[in-house]
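Working through the structure, step by step
This is what each chain is made of:
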There are 2 protein chains.
Amino acid sequence: MRTTNLLMPTLREDPADAEIASHQLMLRAGYIRRLAAGLYTWMPLGLRVLRRVEQVVREEMDRAGAQEVLMPAIQPAELWEESGRWDQYGPELLRLRDRHERDFCYGPTHEEVITDLVRNEVASYRQLPLNLYQVQTKFRDEVRPRFGIMRAREFLMKDAYSFHLEQESLEATYQAMHDAYCRIFQRLGLDFRPVEADTGAIGGHTSHEFHVLAESGEDAIAFSDGGEYAANVELAEAVAEGERPAPAEELRTVETPGMKTIADLVTNHGIPVERTVKTLLVRGAEGGLVALMVRGDHELNEVKAEKLPAVAEPLTMAEEADIRAAAGAGPGSLGPVGLEVPIIVDHAVAALADFTAGANRDGEHLFGINWGRDLPEPETADLRNVVAGDPSPAGDGRLQIRRGIEVGHIFQLGSKYSEALGATVLDEEGRQRTLTMGCYGIGVSRVVAAAIEQNHDERGIAWPDELAPFRVALCPIQPGRNAEVAETAERLYRELSEAGVEVLLDDRGERPGVMFADMELIGIPHRVTIGGKGLERGVVEYQSRSGEAAGEIPLAEATGTLLERLGA
Amino acid sequence: MRTTNLLMPTLREDPADAEIASHQLMLRAGYIRRLAAGLYTWMPLGLRVLRRVEQVVREEMDRAGAQEVLMPAIQPAELWEESGRWDQYGPELLRLRDRHERDFCYGPTHEEVITDLVRNEVASYRQLPLNLYQVQTKFRDEVRPRFGIMRAREFLMKDAYSFHLEQESLEATYQAMHDAYCRIFQRLGLDFRPVEADTGAIGGHTSHEFHVLAESGEDAIAFSDGGEYAANVELAEAVAEGERPAPAEELRTVETPGMKTIADLVTNHGIPVERTVKTLLVRGAEGGLVALMVRGDHELNEVKAEKLPAVAEPLTMAEEADIRAAAGAGPGSLGPVGLEVPIIVDHAVAALADFTAGANRDGEHLFGINWGRDLPEPETADLRNVVAGDPSPAGDGRLQIRRGIEVGHIFQLGSKYSEALGATVLDEEGRQRTLTMGCYGIGVSRVVAAAIEQNHDERGIAWPDELAPFRVALCPIQPGRNAEVAETAERLYRELSEAGVEVLLDDRGERPGVMFADMELIGIPHRVTIGGKGLERGVVEYQSRSGEAAGEIPLAEATGTLLERLGA
């Protein structure tokens, strides 16, 4: 394509309201334009990238034996009432009424519709397993849509749903989807991790998230430096490690007026943060309070804490008045010695000797506390988020922590929807059996934004080849004044296009600086500059967007050399 | 693909509520399933056909220089208020409110959104002409959705919008779209006609509809047997033809008690219907009534009648009481003689001699009426629908009338939206100028239904090759009992697939009758049957769905012969 035929309204300045790189760059590079809050038009360049993602997703879903269907975006309320979600779902569900005053919603997900289809069309075990997917526009009425298409209200999603009689069959399809997702993100050239995930509100048994690694990611994920293990930090087990040293210090009380944080203690008393503890009082399952203790440099993991039988669900921090009544001091001066509520401590706290905690008297701390000497041996549990350097729970190395953007999620759903909607089939013995289900999503439009978060620099987007809207940019210098430049650019354009390479010829007649800036902003991986001076010496100039390769190419071999470099 | 991996729930019986062939067959062949009124799920087979249409549309739009974008389905009310359509549009517009109580609609069309985009992004004549399209799910809240996807509420549409400074540029793009549409429907293997159309409520200057010819079509279209002329019957000009003969009969009054229709007169008095006339009283533009006359065998064309300056708009038939007051008789006994309201007659009526009309007295008709003798020479106009055999207005032959299904529509819109939304650019002289627009639609999902209306028989769908979900069906006879049959089917499946042909292998182990019935129902164009007896003689059996070709193919040459036949 020629830039003169392409609506590519690039901007020099970062738009004021865009907070993250992908949002800024998609606006600046003319990939998207905002219509209203959370609603975006995909411009020609952006849509080309979106379609590439869609295409790879489709190919790999087909290859994995899934069948593509297309369900309506607008869904009748009756089905959501059958599943119970019409009442459970909050205002994210865009509800609407048709001209006959019947209730519908713009589907954020299609479990009900697909389960309805399958209960009507599938009657026998012989039709199973069945895996149906669609690539479809969905709507979630986010209260505060932000980050551009990363969290838009209208978005493109691939959702798949599988149906089985037996758990083993579900597990086989689940594994096939896991593998297909890995191939998809590999083919797209992304640095990603499949991680074990909490099944949360959707329920079900097993679940993996697929994260594109990027510093701006909203999720923290932990993965082993020596093996396959990876999990959302919410879920990763903090493994107990190391023997507790013998006590070396006497227990003593230290005046700590006004010091309410770990940082205060560490700064003012020069003690290592790894020998401080935080004591947190939460509501107990049986009423009253429970104390949870983690090391001063660790964070309480609320998902883990909430799963403790002694702790009330949902996890609720105690009010200050209740804390004072139970401990005799405020939240900044709590500690285990003399505390008359049940205490559960993280494994890392149980491994401490000579540690520091609040004295349960405002303005005082105890130093040199030791379990078994100053206190009974504690009840222990995994209470904290893992940190970098922790042992991998799989025993295959040490954990690293990275930020990730969730772009895919697969679930073993079980029978939640098939039971609610009565989706059954006859098994080999002629018995009516409720189906078991899996569901598998990829945020197709979100992948585009996540890829940019991972692949950009101060000059703009730097696409992996598979995702680029065009693979090669041709930049002729002053073609209007030099016929040889113009003809050479046209010839390369023709030859590369005929070889199946998607080429963007910058024929706007702009100065080199403008051309280069635009091609770098929109992220074309390979750039060829055709200039009069180069041509006099029989060369054109090559530059890769990644910066890895640059240099002159003899004109006579230009097309061949480029095709080789592109692997085309 | 193998049928055991394909969700293909074929039905033996016609569904009770499906009125037209495409609706019946799409349900029976497992192409679609109904979710709610006017909402359908595209099943795997149906979606494959839909995607083929989409692909051809996209290729030809790109080839014609249009750029693909994707706008949100959900549109803010503010833009529709700017264009005035928020109030003009009826209940077909699905209106909704988001969680912040802001008004939106699910777009049935995107003139407002695209004009808003262009007014923001296009500032100079140098960026013109611009032609942007999308393939997108749209919604029209039909009061009575029917005919399956032919008139569904949620449907897939290709809509394009072009922007220009000058009318010549609009005309050039309009012609390019006209040509692209012809290529699209040709490539899809459909018998279609582009026809001149009324611009109707959308306004603007020039408009063409694209009709797939089929007896079940809702529109009547007229086209020349000797040239290019084609027009919607609503618009086709009825050309005056033939000299009026000299009077041969006396004017006489005939008693016609109870005869109120032309058919009554013709049956009871043996007069040719071509010498009867119908007299219709309508409201006049200046108040009072106006008489319109067409021949007894012709139909009043209301679009043409409404355009007469003397006639009130909208066209309104007179009430019986007003007719009696003006003519002294009821609607079944009206005629021109002695009628004291302005009379406008169709050209064919003006060419009559010795004709019959009501006497303006109940129960009496006049026979042998002649213009210029019994009445003054009449004021004439084109008032009727054309009929088969009429001369083509283009002078290139005689008209035929066929039924058509509208699948595409192109408009020269003019400045309706660009004026309302203030979409202007600077021209070469630096003056602010309002854009002129074209719009170009194809009902992508409707094309699938229209193609079936045109291509089916009593056994099912008979796809043109380009539209078929699979081009070849392989039907092995009892492969479970004959290893050679099974192996041969597998080999052909592999060889054809590797040659890029989409093949459906019926591996269900069903009886031949069931296999053949299903493959004919779903419409696969080419069928190859592999049977033990044939293999003993070294042949397989070929059958084309169209019935045009059938016969044995030597097994050794089977793949080659098939590829040749497919042009692959």
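Residues numbered from 1 in each chain as written. Chains lettered and ligands numbered in written order. Predicted model: local features only at pLDDT ≥ 70, side-chain atom pairs only at ≥ 80, totals over all residues. Heavy atoms only, no water.

1. Points about the overall build of chain A
Regarding its fold elements, chain A presents 16 helices and 30 strands. C-alpha extents for chain A along the principal axes are approximately 90 × 70 × 45 Å. Pairs at least 24 apart in sequence give 68% of the contacts found in chain A among residues at least 6 apart. Within the structure as shown, chain A displays about 23,100 Å² of accessible surface, and the carbon and sulfur contribution to it stands at 46%. (Helix = DSSP H or I, 4+ residues; strand = E, 2+ residues; numbered from the N terminus. Contact = heavy atoms within 4.5 Å. Areas by Shrake-Rupley, 256 points an atom, 1.4 Å probe, with all protein chains shown as cover.)

2. Considerations on helix α6 (residues 167-187) of chain A
Residues and elements named next belong to chain A. Taking 1.5 Å of rise per residue, 21 residues should cover 30 Å, and α6 covers 30 Å from first to last C-alpha, within 8% of that figure. Considered for burial, the residues of α6 that qualify are L170, T173, Y174, M177, H178, A180, Y181, C182, I184 and F185. Just beyond α6, the residue with positive phi is G189, at close to 75°. (Expected span 1.5 Å × (residues − 1). Buried < 20%, exposed > 50% of the residue type's maximum accessible area, 1.4 Å probe, protein only.)

3. Topic: empty space enclosed by the protein
Residue and element names in this part refer to chain B. Following the criterion strictly, the structure yields one cavity of 30 Å³ or more and no others. Taken together, A473, M519, E520, I524, H526, R527, Q543 and R545 form the lining of the largest cavity. Contributions of two or more residues to the lining of the largest cavity are made by α14 (512-522) and β28 (526-530). Partitioned by chemical class, the residues of the lining of the largest cavity number three nonpolar, two polar and three charged. (1 Å grid on protein atoms, 1.4 Å probe; cavity = no way out; pocket = protein on both sides within 12 Å on 5 of 7 lines; lining within 4 Å. Points joined across faces, edges and corners; volume = space filled by probe spheres on them. Nonpolar A, V, L, I, M, F, W, Y, C, P; charged D, E, K, R; others polar.)

4. Here we look at the sheet that holds strand β19 (residues 379-381) of chain B
Residues and elements named next belong to chain B. Taken together, the four strands give an open sheet; going across it, the order is β14-β15-β16-β19, and neighbouring strands pair in mixed fashion. Each edge of the sheet is formed by a strand with only one pairing partner; in this case those strands are β14 (277-283) and β19. Taken over all neighbouring pairs, the strand axes of this sheet differ in orientation by 30° on average, direction set aside. (Pairing = 2+ DSSP bridges. Axes fitted to C-alpha atoms, helices over the stretch in contact; angles between N-to-C directions.)

5. Remarks on the pairing of strand β18 (residues 364-369) of chain A
Residues and elements named next belong to chain A. Taking burial as the measure, the six residues of β18 include six buried ones, the bulk of the element. The sheet contact formed by strand β13 (residues 252-255) and β18 spans four bridges and is antiparallel. Paired with V254 across the strands is H365, a residue of β18. Where strand β17 (residues 355-361) lies against β18, four bridges are found, and the strand directions are antiparallel. Considered in β18, the bridge of R361 is made with E364. Here β17 folds back onto β18, and the loop between the two strands holds two residues, one of which, G363, carries a positive phi near 80°.

6. What about the interface of chain A and chain B?
Every contact between the two is made by 52 residues of chain A and, on the other side, 52 residues of chain B. Summing the contributions of chain A and of chain B, the shared interface buries around 4,300 Å²; its carbon and sulfur component is 63%. Of all residues in chain A, A:L35, A:L70 and A:R99 bury the most surface against chain B, accounting for 16% of the area lost on that side. Across the chain A-chain B interface, the total number found is eight salt bridges. One salt bridge connects B:R33 with A:E121, and the closest N-O pair in it is separated by 2.7 Å. Connecting chain A to chain B are 22 residue pairs in polar contact (both at pLDDT 80 or more). In terms of residue count, helix α2 (residues 44-63) of chain A provides more of the side of chain A that touches chain B than any other element does, five residues in total. (Buried area = accessible area lost by both parts, 1.4 Å probe. Salt bridge = Lys/Arg side-chain N within 4 Å of Asp/Glu carboxyl O. Polar contact = N/O pair within 3.5 Å; in protein donor to acceptor, adjacent residues only side chain to side chain.)

7. Brief notes about the relation of the copies chain A and chain B
Each copy of the sequence occupies a distinct position, and chain A is placed on chain B by a rotation of 180° and an axial shift of 0.1 Å, giving an RMSD of 0.2 Å. The symmetry that links the two subunits is that of a two-fold axis. Using C-alpha coordinates, one finds that chain A approaches the rotation axis most closely at A:L96, a distance of 2.8 Å. (Least-squares fit on C-alpha atoms with pLDDT ≥ 70 in both.)

8. Comments concerning the confidence of the model for chain A
Mean pLDDT over chain A: 94, with 98% of residues reaching 70 or higher. Predicted complex metrics record ipTM = 0.89 and pTM = 0.90. (pLDDT = per-residue confidence, 0-100.)

9. A word on helix α5 (residues 111-121) of chain B
Structural remark: α-helix, 3.6 residues per turn; residues separated by three or four positions point the same way. Within α5(B), nine of the 11 residues are buried, which leaves the element mostly enclosed by the surrounding structure. Every buried residue belonging to α5(B) is among B:E111, B:E112, B:V113, B:I114, B:T115, B:D116, B:L117, B:V118 and B:E121, and all of these are buried.

10. What to know about the pairing of strand β8 (residues 154-164) of chain A
All names here are of chain A. Judged by how many residues are buried, β8 sits mostly within the fold: 11 of 11 residues are covered. Across the two faces of β8 the burial is the same, with E154, L156, K158, A160, S162 and H164 and F155, M157, D159, Y161 and F163 all buried. In terms of strand pairing, strand β7 (residues 130-139) meets β8 through 10 bridges, oriented antiparallel. The partner of Q136 across the bridge, within β8, is M157. Taken together, the seven bridges between β8 and strand β23 (residues 436-442) define a ladder with antiparallel strand orientation. Looking at β23, one finds that H164 is bridged to T436.

11. A look at the sheet that holds strand β14 (residues 277-283) of chain A
Residues and elements named next belong to chain A. Reading across from one edge, β14-β15-β16-β19 is the order of the four strands in this open sheet, with mixed pairing throughout. The sheet is open, and its two borders are formed by β14 and β19 (379-381), each paired with just one other strand. Geometrically, the sheet is characterised by an average inter-axis angle of 30° between neighbouring strands, direction not taken into account. Bridge count between β14 and strand β15 (residues 289-295): seven bridges; the pairing is antiparallel.

12. A look at the environment of A:D465
Residues and elements named next belong to chain A. Within the secondary structure, D465 sits in the loop between β25 (460-461) and β26 (472-476). Overall, the relative accessible area of 27% leaves D465 in the partly exposed class. In the structure, D465 is positioned 371 residues away from L94 in sequence and 37 Å away in space, judged by C-alpha atoms. Among residues more than four places away in sequence, those in contact with D465 are R471, P525, H526 and L566. Among the polar contacts listed, one links the side chain of D465 to the side chain of R471, at a separation of 2.5 Å.

13. Things to note about the state of the cysteines
Under the counting rule described, the total for this entry stands at zero disulfides over all chains. Counting only cysteine sulfurs, A:C439 is the nearest neighbor of A:C182, a cysteine outside any disulfide, at a range of 17 Å. Cysteine B:C105 is unpaired, with the sulfur of B:C439 as its nearest cysteine sulfur at 16 Å. (Disulfide = S-S within 2.5 Å.)

14. A closer look at the packing of aromatic side chains
The full count for this structure, using the stated rule, is 19 aromatic pairs over all chains. Taken together, a centroid distance of 5.4 Å and an interplanar angle of 35° make the contact between B:F355 and B:W371 tilted. In this pair, B:F355 sits in strand β17 (residues 355-358) while B:W371 sits in the loop between β18 (364-369) and β19, placing the two residues 16 residues apart along the sequence. As far as burial versus exposure is concerned, B:F355 and B:W371 are alike and both buried. Here the aromatic residues A:Y106, A:F139, B:Y106 and B:F139 are joined through ring pairs into a cluster of three or more. For the cation-ring pair, A:R95 lies above A:W86, with the distance from its terminal atom to the ring centre recorded as 4.8 Å. Here the basic side chain of A:R565 rests over the ring of A:Y542, its NZ or CZ set 4.4 Å away from the ring centre. (Phe/Tyr/Trp six-rings, centres within 6.5 Å; stacked < 30°, edge-to-face > 60°. Lys NZ or Arg CZ within 6 Å of the ring centre and 35° of its normal.)

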